[in-house]
Amino acid sequence: MSKIFGIDLGTTFSCIAYVDEYGKPVVVPNRENSPVTPSVVFFENADNVSVGEIAKQALQSEPDLVCSTIKRQMGSQEFTFLVGDKEYKPEEVSALILGKLAKDASEKLGEPVENVVITCPAYFGLDEREATKKAGQIAGLNVLSIINEPTAAAISYGLDVQTQQTVMVYDLGGGTFDVTIIKVADNVIEVVATGGDHHLGGKDWDNAVRDFFIDEYCRENGTSREDVASDFELMADLEVKSEQAKVQLSERESTKMKANGYRVEISREQFESLTSNLLESTIQKTHETMAEAKRKGVDAYDKILLVGGSTRMPQVMKRLQAEFPSMTIEYCDPDAAVAKGAAIFGVNMAAFPERAEGEVSENAPVVSEETQKAAEEIARTWGIGSGQGAMVIKNVISKSIALQLVDPNDGVEKLFNFIFKNTTIPHTETLRAGTIVDNQTQVHLAIFENDYAAGAVPNDVVPVEDAKELTNGDMGPLPSGLPKGTLIEIDLKIDDQGLLSIDARHPDSGVTKHLEVKLQNVMSEEQLEQAKEQFKGISIL
Ligand code: AMP
């Protein structure tokens, strides 16, 4: 039996780790000897792809053949990346990234990479999680579990899961910002609330620098922004140099760059002023998420953990310290924390399957002596596992759930939110509603999801245009002659994986209706098998 690996499948970078026999999480560097691999795929031709640094470089010369930030498309069945006449779904592109990590790690360690725990953002819904799992399966991996990135980061930070504490994970990556509030007690790691902005990340800071460079260039050369924008080579160079300048400004007070023969300088002060609106937006989102946690009774924090490459910008720590002067704020190995935490979780759940709960798959492997030893060491050093039971991860739903009902006050059909985002799962909510006319024989049930938190709109009535219908169906026929206002009971259930089902009943007659929300945007089994076959034919560099 081989080791258990944790994989951080990131928007911009990915990383793979395992736990050694001393219980220490270790990152496996890639073939190029880097601990992280850019999540970029270059389709040289149908049979050969490069993943990582080479692919990132090819972005400049052959952008049409390079696919980056695929994570943003996970769970979407509309997106395909077209290479010649071949179409690649997000799961297939992600599988190539996972394939590169697994192949390189397997070469380095001299053993196959099979059993993995893959991480995803806390806000990922079921479709996105399932797509992540499918990506692993296409790559030929046994996906033991998909766990949340902030939870993994908190685990790797060395949370003593026996001690009650509340931690906020502030994760500013390349393309996303996530803030997650986690409560830990008695071996249970519970996500209390999660929020953020899925379209805000280091790339936006890069763009601010790029726009500054363009303005400077235009001023000096008397050209227009349009002229610069149409100079493809200059733009590509500016893109690269902007990120480099940003990274340098984390260490220096100012930096000089040369793009296409043109020199430009930017100071940290200028950079921070150009990007302060972006940083403020993360502070606002942080407060919104804290308000959600407060609604659930959490309003004291032991620690803020900083995760994600962009937290290396000094402005982040400075701003957070100013905003939360009484809190302890610490860096959490931005590159490797998530993969390491996933590896620890994997070892723990595999070693103590009889006690594991929550996000654990049925296909847990038989563990090797080495893995068992690693688990015992983790248990000994961090109190996770043996004797106390495996750690349990509890999650929340990332969307609110509304039901379509007629408002008795005005007779108008509206969407009422009943289960709110950030509710801990599993969860069941029972509501009672009356029929709307005499002799009603059918009851129409329609369930919607949306982003409105509790109390965000008056009476929790959600605008129809902001909601997505998940499922609908009719209950009936009910016995004839029932008066208006006849009681109907509806159970809305969310299981520990986040799957929603509805059970409606008319208690007097025993008429019932069961509805389940199916995953909508995932590959079919047939597509999965085809994708696995195609994957086997591709050589990954
Ligand atoms: P992640 O998605 O967590 O790997 O973060 C990637 C982002 O972190 C990219 O936008 C990088 O440009 C950014 N990043 C990495 N190192 C630094 C640094 N030293 N200073 C500023 N940003 C950085």
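Just so you know, these numbers come straight off a predicted model, no measurement behind them.

Enquirer: I'd love a proper account of the confidence of the model for the chain, names of residues and values included.
Expert: When pLDDT is averaged across the chain, the result is 89; 94% of the residues are at 70 or more. Under a pLDDT of 50 for its full length, residues 355-361 has, in the predicted model, 26 contacts with residues more than four places off or in other chains.

Enquirer: Describe in detail the site of the ligand, supporting the description with residues and values.
Expert: The full set close to the ligand counts 14 residues, and Thr 12, Glu 243, Lys 246, Ser 250 and Gly 309 are the nearest of them. Residue Thr 12 places a side-chain N or O atom 2.8 Å away from an oxygen atom belonging to the ligand. Between an oxygen atom of the ligand and a main-chain N or O atom of Ser 310, the distance comes to 3.2 Å. Relative to its unbound accessible area of 510 Å², the ligand is 87% covered by the protein chains. Per-element accounting of the shell around the ligand gives the leading share, 3 residues, to helix 7 (residues 232-248).

Enquirer: Describe the sheet that holds strand 21 (residues 413-419), naming the residues involved and giving the relevant values.
Expert: The strand order 25-21-20-24-26 describes an open sheet built from 5 strands, whose pairing is antiparallel. One side of each edge strand has no neighbouring strand; the edge strands of this open sheet are strand 25 (461-462) and strand 26 (468-475). Of the pairings in the sheet, the one linking strand 21 to strand 25 comprises 2 bridges and is antiparallel in character. In the sheet register, Leu 415 faces strand 25, and the bridge partner there is Val 462.

Enquirer: I'd love a proper account of the pairing of strand 21, names of residues and values included.
Expert: The side chains of a regular strand alternate, residue by residue, between the two faces of the sheet. Within strand 21, 5 of the 7 residues are buried, leaving the element largely enclosed by the surrounding structure. One ladder, built from 6 bridges, connects strand 20 (residues 400-406) with strand 21; its direction is antiparallel. Residue pairing in the sheet places Leu 403 in a bridge with Phe 416 of strand 21. Joining the antiparallel neighbours strand 20 and strand 21 is a turn of 6 residues, in which Gly 411 adopts a positive phi near 70°.

Enquirer: Talk me through the packing of aromatic side chains; I want residue IDs and the actual numbers.
Expert: Tallied over the entire structure, the rule returns 7 aromatic pairs. Both rings, one in Phe 43 and one in Tyr 88, keep their centres 4.4 Å apart while their planes meet at 40°; by these two values the pair is tilted. One end of the pair, Phe 43, is in strand 5 (residues 41-45); the other, Tyr 88, is in strand 9 (residues 86-88), with 45 residues separating them in the sequence. Exposure class is identical for Phe 43 and Tyr 88. Each is buried. Here Tyr 123 and Phe 124 contribute two aromatic rings whose centre-to-centre distance is 5.6 Å and whose plane-to-plane angle is 80°, an arrangement assigned as edge-to-face. Of the two residues examined, Tyr 123 and Phe 124, each falls in the buried class. An aromatic cluster of at least three residues, connected via ring pairs, comprises Phe 43, Phe 81 and Tyr 88.

Enquirer: Residue-level account of the sheet that holds strand 29 (residues 511-516), with values.
Expert: Strand order in the open sheet made by the 4 strands is 23-27-28-29, with antiparallel pairing throughout. Here the strands that pair on one side only, and so sit at the sheet edges, are strand 23 (427-434) and strand 29. Here the strands of the sheet are splayed against their neighbours by 15° on average, with no regard to which way each runs. Bridging between strand 28 (residues 500-506) and strand 29 involves 6 bridges; their strand directions are antiparallel. Bridge pairing in strand 29 links Ser 501 to Glu 516.

Enquirer: Provide a residue-level description of the pattern of salt bridges, including the pertinent values.
Expert: Opposite charge on two side chains makes pairing possible when the charged atoms of those side chains draw close. Counting across every chain of the model gives 32 salt bridges. In this structure, Glu 149 engages Lys 71 in a salt bridge whose closest nitrogen and oxygen atoms are separated by 2.6 Å. Residue Glu 149 is found in helix 4 (residues 149-156), and its partner Lys 71 is found in the loop between strand 7 (66-67) and strand 8 (81-83); the two are separated by 78 residues along the sequence. A salt bridge links Arg 319 to Glu 323; the nearest nitrogen and oxygen atoms lie 2.9 Å apart. Placement of the pair is Arg 319 and Glu 323 together in helix 10 (residues 314-323), with a separation of 4 residues, close to one helical turn. Each of Lys 203, Arg 210, Asp 211, Asp 215, Arg 225 and Glu 239 takes part in a single network of salt bridges with overlapping partners.

Enquirer: With reference to specific residues and values, describe the environment of Leu 478.
Expert: Mapped onto the elements, Leu 478 comes out in the loop between strand 26 and strand 27 (487-494). We classify Leu 478 as buried; its relative accessible area is 4%. Leu 478 sits 58 residues away from Phe 420 along the chain, and the two C-alpha atoms are 30 Å apart. Those residues in contact with Leu 478, other than ones at most four positions away along the chain, are Thr 435, Gln 440, Thr 441, Val 443, Ile 488, His 506 and Val 511.

Enquirer: Help me get a handle on helix 13 (residues 525-536), residues and values and all.
Expert: When the terminal C-alpha atoms of helix 13 are compared, their 17 Å separation across 12 residues agrees well with the 16 Å that a helix rising 1.5 Å per residue should span. Listing the buried residues of helix 13 in full gives Leu 528, Ala 531 and Phe 535. The arc enclosing the buried residues of helix 13, seen along the axis, measures out at 65°, which places them on a common side. Of the residues in helix 13, the exposed ones pointing more than 90 degrees away from the buried face are Glu 526, Gln 530, Glu 533 and Lys 536. Residues of helix 13 that are buried sit in contact with helix 2 (90-109), helix 3 (126-138) and strand 30 (539-540).

Enquirer: Tell me what's going on with the packing of helix 5 (residues 202-221) against helix 7, and back it up with residues and numbers.
Expert: Helices that pack against each other are described as a pair by the angle of their axes relative to one another and the distance between those axes. Where helix 5 contacts helix 7, the axes come no closer than 8 Å and their chain directions differ by 120°. It follows from the interaxial angle that helix 5 and helix 7 lie oblique. Like other packed secondary-structure pairs, helix 5 and helix 7 cross with a definite hand, here right-handed. Where helix 5 abuts helix 7, its residues Gly 202, Lys 203, Trp 205, Asp 206, Asn 207, Val 209, Arg 210, Phe 213, Ile 214 and Tyr 217 lie against Leu 234, Met 235, Leu 238, Glu 239, Lys 241, Ser 242, Glu 243, Ala 245 and Lys 246. Class assignment for the residues of the contact of helix 5 with helix 7 results in 9 nonpolar, 3 polar and 7 charged.

Enquirer: Could you give an account of a negative patch on the surface, naming the residues involved and the relevant values?
Expert: On the surface, a cluster of negative charge is made up of Glu 226, Asp 227, Asp 231 and Glu 233. By the secondary structure assignment, Asp 231 is in the loop between helix 6 (225-230) and helix 7.

Enquirer: Lay out the nonpolar core with the relevant residues and their values.
Expert: The nonpolar side chains of a soluble globular protein tend to be buried, and buried together. Formed by 44 residues in total, the largest nonpolar core has its most connected members in Tyr 170 and Phe 213. Each residue touching Tyr 170, except ones within four places of it in the same chain, is listed here: Phe 177, Asp 178, Leu 279, Thr 282, Thr 286, Ile 304, Leu 305, Leu 306, Val 307, Thr 311, Val 316 and Leu 320. Counting residues in hydrophobic clusters, the runner-up holds 43 residues, among them Phe 43, Tyr 88, Ile 97 and Met 523.

So, how was this worked out
Residues numbered from 1 in each chain as written. Predicted model: local features only at pLDDT ≥ 70, side-chain atom pairs only at ≥ 80, totals over all residues. Heavy atoms only, no water. pLDDT = per-residue confidence, 0-100. Contact = heavy atoms within 4.5 Å. Near = heavy atom within 4 Å. Polar contact = N/O pair within 3.5 Å; in protein donor to acceptor, adjacent residues only side chain to side chain. Areas by Shrake-Rupley, 256 points an atom, 1.4 Å probe, with all protein chains shown as cover. Helix = DSSP H or I, 4+ residues; strand = E, 2+ residues; numbered from the N terminus. Pairing = 2+ DSSP bridges. Buried < 20%, exposed > 50% of the residue type's maximum accessible area, 1.4 Å probe, protein only. Phe/Tyr/Trp six-rings, centres within 6.5 Å; stacked < 30°, edge-to-face > 60°. Axes fitted to C-alpha atoms, helices over the stretch in contact; angles between N-to-C directions. Salt bridge = Lys/Arg side-chain N within 4 Å of Asp/Glu carboxyl O. Expected span 1.5 Å × (residues − 1). Arc of directions from axis to C-beta. Parallel < 35°, antiparallel > 145°, perpendicular 65-115°, else oblique. Left-handed = near helix turned anticlockwise from the far one by under 90°. Nonpolar A, V, L, I, M, F, W, Y, C, P; charged D, E, K, R; others polar. Patch = residues over 30% accessible without salt bridge, like charges linked within 9 Å, V, L, I, M, F, W, Y side chains within 5 Å. Lys, Arg positive; Asp, Glu negative; His and termini not counted. Charge placed at Lys NZ, Arg CZ, Asp CG, Glu CD. Core = buried A, V, L, I, M, F, W, Y, C linked by side-chain atoms within 4.5 Å.

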